[in-house]
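Structural overview
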Amino acid sequence: MVLMALPIACRNGGNPTSPYSSPTPVVSSPTPSGPTPTPTVPIPVSATPLTFAGEWGSAGTGNGQLSISVRGIVTDSLGNVYVADTNNHRIEKFNSQGVYLSQWGSFGVGAGQFNTVESMCIDSANNIYTADSGSYQVQKFSDTGTFLARWGNFGNGNGQFITPRGVAVDPNNNVYVCDANQQNIQKFTNTGTFITSWSTNGAWSNNNSDPDGICTDHWGNVYTPDYYNQQVYKYSDTGAYECTIGTPGNGPGQCGTLSCGVCVDNKGIVYIADFGNQRVSEFTTTGNYLCQWGNTGTYAFGPIDFLSLSPSGEVYVVDGTRVKEFKP
């Protein structure tokens, strides 16, 4: 997603020629899937807009610079920040203050290469996963960029993708991929074994869905923003629809055009990057509106796509070629 361009501009079915036809053997043993955690999700009654704390980044191809198309940001357990620099075909790693640390990746469809990274996520061991719509695959790396595994190819069967727009990992390290063109979510082990899938169309919407991003919470629930319907859908880890968060519009508790950015903290607050209204909105996991911020003031956003939560509660938001940090 790029600044000042509608999310629909990056939608494409791609070239149906797959770079390979079967998953690459992995180099580590799979983590067994387990039952979803069952603690009751906390439901906050209020929230306060976050405060701007700093920013970094500039346009370019050098170390620490970003292309106009950044399509993912995550933080690890140590507070390091990883940015998917899509047009530069790489992942860049920064510390929590924005100091450049390292990078990996190059253009291509092979192991460790990137064509069109759409999003990324991180698991409990600080492994990084990327969803790439140009090579129809998910790749897994260590936090230092060592290639670990990949899976997927072009198609509409189990384990296949047409437009893998988002990737997320749950508390048991299961991996979820949302596919905008197939209008579904697929669930895998963390080494790429297919588990199940479900459609993102349902009785709560009369229109086609367009799942543009995905995240999970600390209790195993799955959230995906819908570009067409301007709201976020919440599911159980098996695909049971639970609730809708937000309604179309520009008022409090409403969403403009949504793209990829959604995340949930351990207090049960859902943060949504509202591309159309150029702000971050906060809701409870049951859909109650709490507050919004970022659309006014000195550090107001442009159209924003991606955000990430740090272990200590900071929110990092990608705004063009800049990363902006906000603190509670």
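Once that is clear, we can look at the environment of S310. Of note, S310 is situated in the loop between β24 (307–309) and β25 (315–319). The class of S310 is buried, set by a relative accessible area of 10%. When the C-alpha positions of S310 and V74 are compared, they lie 8.0 Å apart, and in sequence the two are 236 residues distant. Once residues within four sequence positions are removed from consideration, S310 is found in contact with T75 and Y316.

Attention now goes to the packing of aromatic side chains. Describing an aromatic ring pair means giving the distance of the ring centres and the angle of the ring planes. Enumeration over the complete set of coordinates arrives at 20 aromatic pairs. Taking 5.6 Å as the distance between ring centres and 75° as the angle between the ring planes, the aromatic pair formed by F52 and F326 counts as edge-to-face. Placement of F52 in strand β1 (residues 51–56) and of F326 in strand β26 (residues 322–327) is noted, with a sequence separation of 274 residues between them. For F326, a relative accessible area of 4% corresponds to the buried category. Taking the centre distance of 4.8 Å and the plane angle of 45° together, the rings of W293 and F326 count as tilted.

Below, the discussion takes up the sheet that holds strand β3 (residues 81–85). Taken in spatial order, the 4 strands of this open sheet run β2-β3-β4-β5, and their pairing is antiparallel. Here the strands that pair on one side only, and so sit at the sheet edges, are β2 (70–75) and β5 (100–104). Sheet twist, expressed as the mean angle between neighbouring strand axes with direction ignored, is 20°. In this sheet, β5 lies alongside strand β4 (residues 90–94) in antiparallel orientation, the contact comprising 4 bridges. Among the inter-strand pairings, E92 is bridged to a residue of β5, identified as Q103.

Before going further, it helps to spend a moment on the environment of N63. Within the secondary structure, N63 is located in the loop between β1 and β2. Of the residues examined, N63 reaches a relative accessible area of 55% and is grouped as exposed. Separated by 2.7 Å, the side chains of N63 and Q103 make a polar contact.

Turning next to the pattern of salt bridges. According to the stated counting rule, one finds 10 salt bridges in the structure shown. Salt-bridge contacts for E55 lead to R322; the nearest nitrogen and oxygen are separated by 3.3 Å. With E55 in strand β1 and R322 in strand β26, this pair connects stretches of sequence that are 267 residues apart. Overall, the relative accessible area of 28% leaves R322 in the partly exposed class. Through salt bridges with shared partners, one network takes in R71, E118, R165 and D212.

Right, let's get into unusual backbone geometry. One non-glycine residue with positive phi stands out, namely H89, at about 55°. Among the secondary structure elements, H89 is positioned in the loop between β3 and β4. Classification of H89 by relative accessible area gives buried; the value is 19%.

The subject of this paragraph is the nonpolar core. Membership of the largest hydrophobic core comes to 16 residues, with the highest contact counts inside it found for Y271, V280, W293, F301, L307, V315 and V317. When contributions to this core are tallied by element, the ones reaching two or more residues are β21 (269–274), β23 (289–293), β24 and β25. Residues contacting F301, with those up to four places away along its chain left out, are Q278, R279, V280, W293, G294, V317, D319, K324 and F326. Counting residues in each nonpolar core, the second largest holds 14 residues, with Y223, V232, I272 and F283 among its members.

Residues at a pLDDT of 70 or more form 86% of the protein chain, whose mean pLDDT is 87. The model gives residues 1–37 a pLDDT under 50, and that stretch makes 95 contacts with residues more than four places away or in other chains.

Moving on: the sheet that holds strand β13 (residues 194–199). Strand pairing in a sheet relies on backbone hydrogen bonds, with the paired strands running either antiparallel or parallel. A sheet is described by the order of its strands in space; here 4 strands give the open sequence β10-β11-β12-β13, paired in antiparallel fashion. Strands at the two margins of the open sheet, each flanked by one partner only, are β10 (164–169) and β13. Averaged over all pairs of adjacent strands, the angle between strand axes in this sheet comes to 20°, irrespective of strand direction. Judged from the 5 bridges that link them, β10 and strand β11 (residues 175–179) form a sheet pairing that is antiparallel. From the neighbouring strand, V167 faces β11, where its bridge partner is V177.

Burial of β4 is extensive: 5 of the 5 residues sit out of reach of the surface. Across the two faces of β4 the burial is the same, with R90, E92 and F94 and I91 and K93 all buried. Where β3 lies against β4, 5 bridges are found, and the strand directions are antiparallel. In the sheet register, V81 faces β4, and the bridge partner there is F94. Where β3 folds back onto β4 in an antiparallel hairpin, the turn is made up of 4 residues, including H89, whose phi is positive at roughly 55°. Linking β4 back to β5 in an antiparallel pair, the connection comprises 5 residues, with G98 at a positive phi of about 90°.

Reading the values: the criteria
Residues numbered from 1 in each chain as written. Predicted model: local features only at pLDDT ≥ 70, side-chain atom pairs only at ≥ 80, totals over all residues. Heavy atoms only, no water. Helix = DSSP H or I, 4+ residues; strand = E, 2+ residues; numbered from the N terminus. Buried < 20%, exposed > 50% of the residue type's maximum accessible area, 1.4 Å probe, protein only. Contact = heavy atoms within 4.5 Å. Phe/Tyr/Trp six-rings, centres within 6.5 Å; stacked < 30°, edge-to-face > 60°. Pairing = 2+ DSSP bridges. Axes fitted to C-alpha atoms, helices over the stretch in contact; angles between N-to-C directions. Polar contact = N/O pair within 3.5 Å; in protein donor to acceptor, adjacent residues only side chain to side chain. Salt bridge = Lys/Arg side-chain N within 4 Å of Asp/Glu carboxyl O. Core = buried A, V, L, I, M, F, W, Y, C linked by side-chain atoms within 4.5 Å. pLDDT = per-residue confidence, 0-100.

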